[in-house]
Amino acid sequence: MTEATDVIVVGAGFAGLYAVHRCASAGLSVTAFEAAPDVGGTWYWNRYPGARCDVESVDYSYSFDEALQQNWTWTERFAGQPEILAYLRHVADRFDLRRHYRFGVDVVGAAFDRGRWRVRTGAGQTYAAQFLLCATGCLSAVNRPDICGIDDFAGDVYFTAAWPRQDPDLHGKRVGLIGTGSSGIQVAPIIATQAEKLVVFQRSANYSIPMPNRPWSLEEQQQIREEYPERRQISAYAPAGTPHSTYHKNAVDTEPQERAAALWQRWRQGGVLFGKTFPDQNIDLAANDIAREFAEERIREIVTDPVVATDLIPLDHPIGTKRICTDSGYYATFNRDNVRLVNLRREPIETITAHGVRTSDTTYPCDVLIFATGFDAMTGALTRIDPSGPGGERLRDIWANGPVTFLGLMVPGLPNLFTVSGPGSPSVLSNMVLHAEVQVDWAVNLVLTVRRLGVTEVEPRRDAARSWTDHVAQAAERTLFPKAASSWYLGANIEGKKRVFMPYTGGFGNYRRQCDEVARDNYAGLVLTTR
């Protein structure tokens, strides 16, 4: 059976919910799918202990509805997963969005045929729509590493990216934690307080900044409400989609004492902003070294064992060129007697056995294994659906040598398809919620325009998509970001994935201006067809 609608939306996170709301508000019929049993997207699945957003909650929230802004109260400076999920559920209820969704439904394929997208689900059903909007998330396709013996392990296995709804009891257990990206860094301090023994297996060290989280006072909450219009106005075209800016001078042009004061201020402020303390920090290695050395001094101050401290300091990337992590006591965790760090660069894993992890040096007994191994980021959720165009051309083939997009929103050869928060857009380098609003608004406005004109198909010219993709690559090359060879920004965590720097480093504000310009120029770069 095939059900037909104007737009199909895949995903029920921040982008998917807003897409459904925006389509329905514009009078479009919309059907939406979500693999989870409820809304939340990334914030539904990533419910591991310690999961928390690294952007201030007052900014990491919708701006499209003033009443929503004024009525919702964020209790903490950096909201935890339960509060973010509660917010998304509130939004779904407030705007009656669940009626458009089919929950617990996996989208396993999509093909454009005779002017319509035909979307297949894991249950064998087919749904049709003129337009397909993929809000599948850039951090949603779980990376399950291919480690020898992984299926032989006799204990419990958990993934931070697909954490069980009921927290497992880890008290008295010997726990092995594999992976020290953002999820591993957030979860480790909590597991350490529960487990009899925690062994952290680290392949690539990451920089992490302490997160000085705290509850908002009633006075601060009132001030936030009063300042929201100005805060959003500043954020609208800001480099990262937040009201924060860098120091007013370059690091290399600042006296050492003044420089140290600026770095201390950002360190104490916490969060990912430390990676953007100075305007030259991500483009000039000398400036980056100043921030890097400051952070490394703080790590050595916290970690009492100098050998462990050295192992926790990255050797393979300038600070901030892999997403800076934020933590609540991560480095201090390694001062505990029940915690051990295993440096896999020096002592690689040979196999997982029934009762532990065997490295080149020894075997670590484990009752539980937790994989904080992240995602097939930016592209994985889309390539697993692998949509095909009218000529049979598949997304996997189009992106075989790296993702090719127009504005990070459309793909040549795949008409009437929109991607949100994916490659070719600022995505994870910006405030993802405002970013989703901008991209969804652009996509829906284009849908309304082509329908008004009687156009049935719209897709980017191949040369326009190639030009934008080249621009994305050139913008990255003007920064230090590509120097982080092990970064998931490059797809380096996925075996066999083409190494291409995927996010747009030109800034959220510049990106938004270019989207605005394309729309004002009657969608230059797109081919509009009536069949």
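We now turn to the structure provided with this report. (Residues numbered from 1 in each chain as written. Predicted model: local features only at pLDDT ≥ 70, side-chain atom pairs only at ≥ 80, totals over all residues. Heavy atoms only, no water.)

Moving on, we come to the packing of aromatic side chains. Two numbers describe a pair of aromatic rings. These are the distance of the centres and the angle of the planes. Evaluation of the coordinates by the stated rule reveals 35 aromatic pairs. Between W488 and Y489, the aromatic rings sit 4.8 Å apart at their centres with planes inclined by 75°, giving edge-to-face as the arrangement. By relative accessible area, W488 is classed as partly exposed at 23%. Taking relative accessible area as the criterion, Y489 reaches 1% and is therefore assigned buried. Three or more aromatic residues link up through ring pairs in this structure, and these residues are F14, Y18, W43, Y60, Y62, F64, W72, W74, Y87 and F95. Here R144 stacks its cationic end above the ring of F159, 4.6 Å away from the centre of that ring. Above the face of the Y237 ring, R512 is positioned so that its terminal group lies 4.7 Å from the ring centre. (Phe/Tyr/Trp six-rings, centres within 6.5 Å; stacked < 30°, edge-to-face > 60°. Buried < 20%, exposed > 50% of the residue type's maximum accessible area, 1.4 Å probe, protein only. Lys NZ or Arg CZ within 6 Å of the ring centre and 35° of its normal.)

Turning to the side chain of Q281, a few remarks are in order. By the secondary structure assignment, Q281 is in the loop between α7 (256-269) and α8 (285-302). By relative accessible area, Q281 is classed as buried at 0%. Contact partners of Q281, with chain neighbours within four places excluded, come to F274, G275, K276, A287, N288, A291 and L480. (Helix = DSSP H or I, 4+ residues; strand = E, 2+ residues; numbered from the N terminus. Contact = heavy atoms within 4.5 Å.)

Where α7 contacts α8, the axes come no closer than 11 Å and their chain directions differ by 60°. Relative to α8, the element α7 is oriented oblique. As for how α7 packs across α8, the hand of that crossing is right-handed. Facing R259, A260, L263, W264 and W267 of α7, the residues of α8 in contact are I290, A291, F294, A295 and R298. (Axes fitted to C-alpha atoms, helices over the stretch in contact; angles between N-to-C directions. Parallel < 35°, antiparallel > 145°, perpendicular 65-115°, else oblique. Left-handed = near helix turned anticlockwise from the far one by under 90°.)

One finds Y62 and W442 to be the most contacted residues of the largest nonpolar core, which totals 100 residues. If one sorts the elements of this core by residue count, helix α13 (residues 432-453) sits on top with ten residues. Counting 45 residues, the second-largest nonpolar core is a separate cluster that includes I191, I299, V308 and Y330. (Core = buried A, V, L, I, M, F, W, Y, C linked by side-chain atoms within 4.5 Å.)

Right, let's get into the environment of N431. Position of N431 relative to the elements: it lies in the loop between β17 (417-419) and α13. Residue N431 is classed as buried on the basis of its relative accessible area of 1%. Considering only alpha carbons, one finds N431 and A240, 191 residues apart in sequence, at a separation of 6.0 Å. Beyond its immediate sequence surroundings of up to four residues, N431 is in contact with D59, Y60, A240, G241 and T242.

Here the structure, examined in full by the defined rule, presents one cavity of 30 Å³ or more. Along the wall of the largest cavity there are 14 residues; nearest its centre are Q69, W72, T73, W74 and Y228. Contributing elements (two or more residues each) for the lining of the largest cavity: α3 (66-71) and α6 (218-235). Top element by residues in the lining of the largest cavity is α6. It accounts for four residues. Split into classes, the residues belonging to the lining of the largest cavity amount to nine nonpolar, four polar and one charged. (1 Å grid on protein atoms, 1.4 Å probe; cavity = no way out; pocket = protein on both sides within 12 Å on 5 of 7 lines; lining within 4 Å. Points joined across faces, edges and corners; volume = space filled by probe spheres on them. Nonpolar A, V, L, I, M, F, W, Y, C, P; charged D, E, K, R; others polar.)

It is worth spelling out unusual backbone geometry at this point. Within the chain, M378 stands out as a residue other than glycine whose phi angle is a positive 70°. Its place among the elements puts M378 in the loop between β16 (368-371) and α11 (380-385).

The strand order across the open sheet built from five strands is β7-β16-β8-β9-β12, with neighbouring strands paired in parallel fashion. Of all strands in the sheet, those bounded by a partner on one side alone are β7 (156-159) and β12 (339-343). If you compare each strand with its neighbour and ignore which way they point, the axes differ by 20° on average. Packed on one face of the sheet, helix α5 (residues 182-194) meets β8 (174-178), β9 (197-202), β12 and β16 and runs near 170° to β8. (Pairing = 2+ DSSP bridges.)

Within the structure shown, the criterion is met by 31 salt bridges. Salt-bridge contacts for R292 lead to E296; the nearest nitrogen and oxygen are separated by 3.1 Å. Highlighted residues: R292 and E296, both in helix α8, separated by four residues, approximately one helical turn. The two residues R292 and E296 agree in class, both being buried. (Salt bridge = Lys/Arg side-chain N within 4 Å of Asp/Glu carboxyl O.)

Taken in spatial order, the three strands line up as β13-β14-β15 in an open sheet, and their pairing is antiparallel. Bordering the open sheet on either side are β13 (349-353) and β15 (363-365), each of which pairs with just one other strand. For this sheet, the mean angle separating the axes of adjacent strands, direction not counted, is 20°. In this structure, β13 lies alongside strand β14 (residues 356-359), joined through four bridges in antiparallel fashion. When the sheet's bridge partners are listed, I349 is paired in β14 with T359.

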